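Single-letter residue listing:
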Amino acid sequence: MAHKTPPGSSASHVSCLDLWREKNDQLVRQAKVAQDSSLPLRRQQLAQDALEGLKGLLCSLRGLPATVSVLPLELTVICNFITLRASLAQGFAEELAQDIQQGLERVLETQGQPEARPEHGLRGLWDSALRASSLLPELLPALHHLAGLQAALWLTTNRLGDLTLLLQTLTVSQSRASEDVLPLLKTWRPPVEESDAPLTLQDARGLRDVLLTAFAYRQGLQELITGSLPKALSSLHEAASGLCPRSLLVQVYTALGTCLRKMGSPQRALLYLVAALKEGSTWGPPLLEASRLYQQLGNIAAEIESLELLVEALSITRIPEARQLLIEVELLLPRPDPASPLHCGTQSQAKCLLASRCLQTGRAADAAEHYLDLLALLLHGSEPKFSPPPCPPGPCMPELFLEAAAALIQAGRAQDALTVCEELLNRTSFLLPKRPRLWEDARRRTKESPHCSPWVSATHLLQGQAWVQLGAQKEAISEYSRCLELLFQATPKDEEQGNQDASYHLLHTLRRLDRRDEATALWRRLEAQTELLPENTAWSLPLYLETCLGWIRPPDRETLREEFQTSGDL
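Calculation rules
Residues numbered from 1 in each chain as written. Predicted model: local features only at pLDDT ≥ 70, side-chain atom pairs only at ≥ 80, totals over all residues. Heavy atoms only, no water. Helix = DSSP H or I, 4+ residues; strand = E, 2+ residues; numbered from the N terminus. Contact = heavy atoms within 4.5 Å. Areas by Shrake-Rupley, 256 points an atom, 1.4 Å probe, with all protein chains shown as cover. Salt bridge = Lys/Arg side-chain N within 4 Å of Asp/Glu carboxyl O. pLDDT = per-residue confidence, 0-100. Core = buried A, V, L, I, M, F, W, Y, C linked by side-chain atoms within 4.5 Å. Buried < 20%, exposed > 50% of the residue type's maximum accessible area, 1.4 Å probe, protein only. Domains from an automatic or database assignment. Expected span 1.5 Å × (residues − 1). Axes fitted to C-alpha atoms, helices over the stretch in contact; angles between N-to-C directions. Parallel < 35°, antiparallel > 145°, perpendicular 65-115°, else oblique. Left-handed = near helix turned anticlockwise from the far one by under 90°. Nonpolar A, V, L, I, M, F, W, Y, C, P; charged D, E, K, R; others polar.

Peer 1: Tell me about the overall build of the protein, and name the residues and values.
Peer 2: For the protein, the count of helices and strands is 25 helices and zero strands. If you take every contact in the protein between residues at least 6 apart in sequence, the share linking residues at least 24 apart comes to 67%. For the protein, the exposed surface amounts to about 28,000 Å²; the carbon and sulfur share of it is 53%.

Peer 1: Explain the pattern of salt bridges to me, and be specific about the residues and the numbers.
Peer 2: Scanning all chains against the criterion turns up 17 salt bridges. Residues Arg246 and Glu279 are paired through a salt bridge, measuring 3.4 Å at the closest nitrogen-oxygen approach. Highlighted residues: Arg246 in helix H11 (residues 246–262) and Glu279 in helix H12 (residues 266–279), separated in sequence by 33 residues.

Peer 1: Lay out the confidence of the model for the protein with the relevant residues and their values.
Peer 2: Regions with low pLDDT carry predicted coordinates that are not meant to be interpreted in detail. In this model, the protein carries an average pLDDT of 82, and 78% of its residues clear a pLDDT of 70 or more. Element-level pLDDT for the protein is lowest in helix H19 (residues 438–444), with a mean of 41, against a maximum mean of 96 in helix H10 (residues 229–240). In this model residues 494–498 is a low-confidence stretch, pLDDT under 50, and it forms 12 contacts with partners more than four residues away in sequence or in other chains. Here residues 551–555 scores under 50 on pLDDT; set against residues more than four positions off or in separate chains, the count is 10 contacts.

Peer 1: A description of the environment of Gln415 should follow, citing residues and the corresponding values.
Peer 2: Looking at the secondary structure, you find Gln415 in helix H18 (residues 414–428). For the pair Gln415 and Ala405, spaced 10 residues apart in sequence, the C-alpha separation works out to 9.8 Å.

Peer 1: Can you tell me about the nonpolar core, naming the residues and giving the values?
Peer 2: Phe92, Leu104, Trp126, Leu146, Leu211, Tyr217 and Leu332 are the most contacted members of the largest nonpolar core, which totals 100 residues. Counting only domains with at least three residues in this core, you end up with domain 1 (16–175 + 183–190) and domain 2 (202–345). Leu307, Cys358, Ala404 and Leu543 belong to the second largest nonpolar core, which has 49 residues in total.

Peer 1: Any chance you could break down helix H14 (residues 300–314) for me, citing the residues and the numbers?
Peer 2: Count 3.6 residues to each turn of an α-helix, and residues three or four apart come out pointing the same way. Compared with an ideal rise of 1.5 Å per residue, which puts 15 residues at 21 Å, H14 spans 21 Å between its outermost C-alpha atoms and is within 8% of the ideal. Restricting attention to buried positions, one finds in H14 the residues Ala302, Glu303, Ile304, Ser306, Leu307, Leu310, Val311 and Ala313. Of the surrounding secondary structure, the elements contacted by the buried residues of H14 are helix H13 (284–297) and helix H15 (347–360).

Peer 1: Which residues make up the packing of H15 against helix H16 (residues 364–379), and what values go with them?
Peer 2: As a packed pair, H15 and H16 sit with axes 8 Å apart at the nearest point and diverge in direction by 155°. Relative to H16, H15 is oriented roughly antiparallel. Where H15 crosses over H16, the handedness of that crossing is left-handed. Residue-level contacts link Gln347, Ser348, Lys351, Cys352, Leu354, Ala355, Ser356, Cys358 and Leu359 of H15 to Ala364, Asp366, Ala367, His370, Tyr371, Asp373, Leu374, Leu377 and Leu378 of H16. When the residues that make up the contact of H15 with H16 are grouped by side-chain class, the tally is 11 nonpolar, four polar and three charged.

Peer 1: Tell me about the side chain of Asn80, and name the residues and values.
Peer 2: In this structure, Asn80 sits in helix H3 (residues 71–89). The class for Asn80 is buried, based on a relative accessible area of 0%. Every residue in contact with Asn80, bar those within four places of it in the chain, is listed here: Asn24, Val28, Leu54, Leu199, Thr200 and Leu201.

Peer 1: Mind laying out H15, listing which residues take part and the relevant values?
Peer 2: Under the 1.5 Å per step criterion, the end-to-end length of H15 is 20 Å for 14 residues, consistent within 8% with the ideal 20 Å. Buried residues dominate H15, accounting for 10 of its 14 residues. Every buried residue belonging to H15 is among Ser348, Ala350, Lys351, Cys352, Leu354, Ala355, Ser356, Arg357, Cys358 and Leu359, and all of these are buried. Count one or two residues on from H15 and you reach Gly362, which has phi positive near 85°.

Peer 1: Kindly report on the packing of helix H9 (residues 204–226) against H10, identifying the contributing residues and their values.
Peer 2: Running from N to C, H9 and H10 point in directions that differ by 155°, and their axes come no closer than 8 Å. Between H9 and H10, the crossing angle belongs to the class labelled roughly antiparallel. Here the hand of the crossing between H9 and H10 comes out left-handed. Taking contact as the criterion, the partners of Leu212, Thr213, Ala216, Tyr217, Gln219, Gly220, Leu221, Glu223 and Leu224 in H9 are, on H10, Leu229, Lys231, Ala232, Ser235, Leu236, Glu238 and Ala239.

What follows is the structure, given as structure tokens:
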């Protein structure tokens with residue numbers, strides 16, 4: 001009669017481990033087959049099945065007593081499960097930290113510490129588990145692998161203090177302790193796994209290289225933003241020399257170009273921007289940085305060409321490449337920040353920048369076309385609502401209408417400018433009080449929108465300019481009068497924000513038209529407001545007024561005031 005092995009015997013235990021190890025290896029191979037699949041649905045299904053299989057396998061292993069023979073496989077399955085789940089979700093879920101914690105607690109159980117709950121949470125658990133592993137070298141490779149995943153989780157949640165302490169513990173026998181994460185990552189040498197070890201989706205050393213590149217890039221970008229340029233240059237060079245995928249290399253080279261431009265090395269910066277454009281199809285960031293570089297060099301033609309290419313690049317819809325079923329560098333980077341120098345925005349934002357730069361550099365005809373294209377792009381499909389600022393970075397919709405009108409006037413297209421102004425007035429009419437209430441509201445110093453008066457008054461001012469261009473003096477005077485009427489409503493704060501400039505232009509116009517009473521009333525109002533403003537007030541004009549009123553600068557304003565005081569009008 002054949003001898004049967006009792007279910008609870010050591011031989012049965014070993015037999016189960018062999019079967020479960022084989023199951024782990026089969027699930028890892030399945031995930032790698034999924035990675036290589038060119039069919040998205042099949043890829044997703046295979047990967048999801050592998051994830052569920054790893055989850056079930058982990059539950060089975062946790063049902064066994066925590067022993068040195070079980071834990072290498074159990075910790076490896078935890079690492080494979082976390083890697084696959086995080087890559088599929090493109091982020092680290094909170095419960096993954098619980099999987100790490102349970103793995104550490106199982107390590108402590110092998111040392112007879114089942115109730116160990118250090119007061120410092122995961123940080124304390126790691127100290128205890130790594131001390132225990134010094135007595136159990138069989139656990140070191142898997143434990144270092146799990147530590148790499150913990151480092152990735154802490155990096156994405158900006159727990160850099162905990163990350164530093166963990167790396168110091170991991171490298172304590174390899175080098176003198178450092179306070180900086182980057183050298184700690186460079187000196188960390190995870191133990192090499194045995195050739196007969198359970199299969200892993202990503203080994204500890206590959207994960208360490210990903211962490212090194214991600215941290216170097218994150219740190220370099222932050223140093224670039226804060227102005228620590230030499231440090232940023234060093235960190236970004238470190239990122240570029242690491243395990244850097246092509247899509248990220250475009251970002252790194254662009255950041256190096258930005259850094260070198262700010263350090264006064266435009267030619268070296270240009271070399272990196274050219275390299276970024278050659279490296280991949282994500283052309284937005286390097287093209288935007290190229291436009292800044294050419295603007296700094298005074299090469300307007302090249303700057304405008306870069307912006308035109310940027311608009312074209314952002315209009316192309318690209319199908320994102322399938323992500324690896326691994327912890328990749330991009331997974332450890334923060335979300336794109338609009339304040340970042342690498343943020344190139346949307347197609348409409350790029351078009352707005354192109355239009356404004358054309359207007360500022362005297363290319364009025366091009367600016368007019370770009371503004372009209374931009375308005376059509378933004379208004380297509382649904383009518384936008386005009387809400388008061390604060391607006392997102394860049395001009396809000398009413399200001400875009402005004403800049404478009406100013407560009408059309410500069411381009412000699414006065415009739416088109418009038419059409420744009422009328423459209424703006426129609427869209428902002430609900431912000432204005434009814435006309436019979438106008439003077440009553442002005443006396444009470446109330447307005448339905450504190451931002452409406454500058455927009456609408458500027459619209460009438462530009463209409464006046466358009467009528468002047470068409471030779472219709474009567475219509476021009478009517479529009480200037482409406483502009484002046486709205487300016488009389490403005491609060492002193494509004495005046496500080498640019499209406500002073502428009503008011504001086506109107507004063508000059510009224511004197512030229514010999515309308516002395518109105519000029520005198522406006523002059524007295526301006527003098528009273530000037531006395532309320534702080535000394536050395538910085539005078540500025542919005543772009544839509546700068547092209548029309550830019551000739552009025554403080555010296556010219558002072559000359560106008562002197563002429564008015566000596567003319568005998570008062």
